[in-house]
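These are the residues of each chain, in order.
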Amino acid sequence: MDEPYTVSDAIPACLKGRPSEFLSSRPHLQRLMAAAMVFRARQGAAAQTLLLRRAPSDSYPLRWEVPGGSTSDRKDGSVLDGVRRELREETGLAARRMLYTVGMLEEAPPMPTPTDLGAEEEEARNDEGDDARTVSFWEFDQRHGMVRWGKVTVVVDVDEDLGDGSVVRLDEREHDRWAWATRAEVEAGRWADGEEIRFVTEGSWRSILEGFRLYAEKADKEREVDGPRLMAKFGGKANKGL
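Quick notes on the rules
- Residues numbered from 1 in each chain as written.
- Predicted model: local features only at pLDDT ≥ 70, side-chain atom pairs only at ≥ 80, totals over all residues.
- Heavy atoms only, no water.
- Helix = DSSP H or I, 4+ residues; strand = E, 2+ residues; numbered from the N terminus.
- Contact = heavy atoms within 4.5 Å.
- Areas by Shrake-Rupley, 256 points an atom, 1.4 Å probe, with all protein chains shown as cover.
- Buried < 20%, exposed > 50% of the residue type's maximum accessible area, 1.4 Å probe, protein only.
- Polar contact = N/O pair within 3.5 Å; in protein donor to acceptor, adjacent residues only side chain to side chain.
- Core = buried A, V, L, I, M, F, W, Y, C linked by side-chain atoms within 4.5 Å.
- Phe/Tyr/Trp six-rings, centres within 6.5 Å; stacked < 30°, edge-to-face > 60°.
- Pairing = 2+ DSSP bridges.
- Expected span 1.5 Å × (residues − 1).

### Focus on the overall build of the protein
Secondary structure assignment for the protein yields four helices and ten strands. Each helix (α) and strand (β) of the protein, taken in turn from the N terminus, gives the series β-α-β-β-β-β-β-α-β-β-β-β-α-α. Partitioning the contacts of the protein with sequence separation of at least 6, the portion at a separation of at least 24 is 72%. Accessible surface computed for the protein: about 11,400 Å², of which carbon and sulfur atoms make up 48%.

Below you can see the structure in the form of structure tokens.
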């Protein structure tokens, strides 16, 4: 059983309720995803966020994303519990504090590589204008046809010392690699060594960029309020989980 997490004042009250309550107040959405962004940084170096690459056998194979997945009342007592559970299941990391929500940039530079998601999916829309900064998108479901999802992304502080490269533990059924990425790498769609980063959707790419923008804006204030873990020190180069 995970230890209780704390919630900052920046987190809207609607995320403390059950997923069904969240959806009932947004009848244009049928399903809900919860995702987590985790950052690390060191003095004099660019901040990094944790990315996972989807397994070859899963949907969106070999594409990168932040930890996250579907949430429901059966699994989660609240939307925030869904954020914590997905982070734990997909990375082994334990959420310590929920910091703030991430929507999507209204304007972003052109996607560095073309997407080929197919006609079944509409590109993710900007946040819905609610306090949770919900992003919505359409996806084809074999049983139900076109389903409109809502996605809530929360920046999360964790218990673990992020300087320890072995701290990330993947579920190999869902993801085959992990990495710490800088904003420059995300924006360019390439790792520093030149390898391409292909994201699940352009919308998810834009949300990650918005997370970096908010992190840069809020990191100093959050560090003062919440202690040093948000800016946990680490040594060496980014480990791409090879």
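### Quick word on the environment of Gly68
Considering the arrangement of structural elements, one finds Gly68 in strand β6 (residues 68-70). Sequence separation between Gly68 and Leu87 is 19 residues; the distance between their C-alpha atoms is 6.5 Å. Not counting the four nearest positions on each side in its chain, Gly68 is found in contact with Ala34, Ala35, Glu86 and Glu90.

### Brief notes about the environment of Asp193
Mapped onto the secondary structure, Asp193 falls in the loop between α3 (183-188) and α4 (202-226). We classify Asp193 as exposed; its relative accessible area is 58%. A polar contact is formed between the side chain of Asp193 and the backbone nitrogen of Glu195, at a distance of 3.1 Å.

### A closer look at the nonpolar core
Counting 29 residues, the largest nonpolar core has Leu15, Leu87, Met98, Val154 and Val156 as its most contacted members. Where this core is concerned, the elements lending two or more residues are α1 (19-24), β2 (31-37), β4 (48-54), α2 (79-91), β7 (95-102), β9 (145-158) and β10 (175-182). Contact partners of Val154, with chain neighbours within four places excluded, come to Ile11, Leu15, Ala35, Ala36, Met37, Leu80, Val83, Met98, Leu99, Tyr100 and Thr101.

### Let's talk about the packing of aromatic side chains
Summed over all chains, the structure comprises four aromatic pairs. Ring plane angle 70 degrees and centroid distance 5.1 Å describe the contact between Trp64 and Trp191, whose orientation is recorded as edge-to-face. Of this pair, Trp64 sits in strand β5 (residues 64-65) while Trp191 sits in the loop between α3 and α4, and the two are 127 residues apart along the sequence. Neither residue differs from the other here; Trp64 and Trp191 are each classed as buried. Relative to Trp149, the ring of Phe137 lies with its centre 6.5 Å away and its plane at 5 degrees, an arrangement referred to as stacked. Residue Phe137 is located in strand β8 (residues 135-141), and its partner Trp149 is located in strand β9; the two are separated by twelve residues in the primary sequence. For the pair shown, Phe137 and Trp149 are each scored as buried.

### Overview of the pairing of β9
Buried residues dominate β9, accounting for twelve of its 14 residues. In the sheet, β2 pairs with β9 via seven bridges, with the strands oriented parallel. Residue pairing across strands places Arg31 opposite Trp149, the latter belonging to β9. Summarising the sheet, β7 and β9 pair through six bridges and their orientation is antiparallel. Within β9, the residue paired with Arg97 across the bridge is Asp157.

### Regarding the environment of Leu170
Within the secondary structure layout, Leu170 lies in the loop between β9 and β10. Since its relative accessible area comes to 23%, Leu170 is described here as partly exposed. Every residue in contact with Leu170, bar those within four places of it in the chain, is listed here: Leu52, Glu90, His175, Asp176, Arg177 and Trp178.

### A word on α2
End to end, α2 covers 18 Å across 13 residues, agreeing with the expected 18 Å (1.5 Å per residue, within 8%). With eleven of 13 residues buried, α2 is to be regarded as a mostly interior element. If you check which residues of α2 are buried, you get Val79, Leu80, Asp81, Gly82, Val83, Arg84, Arg85, Glu86, Leu87, Glu90 and Thr91. Gly92 lies just past α2 and shows a positive phi near 80 degrees.

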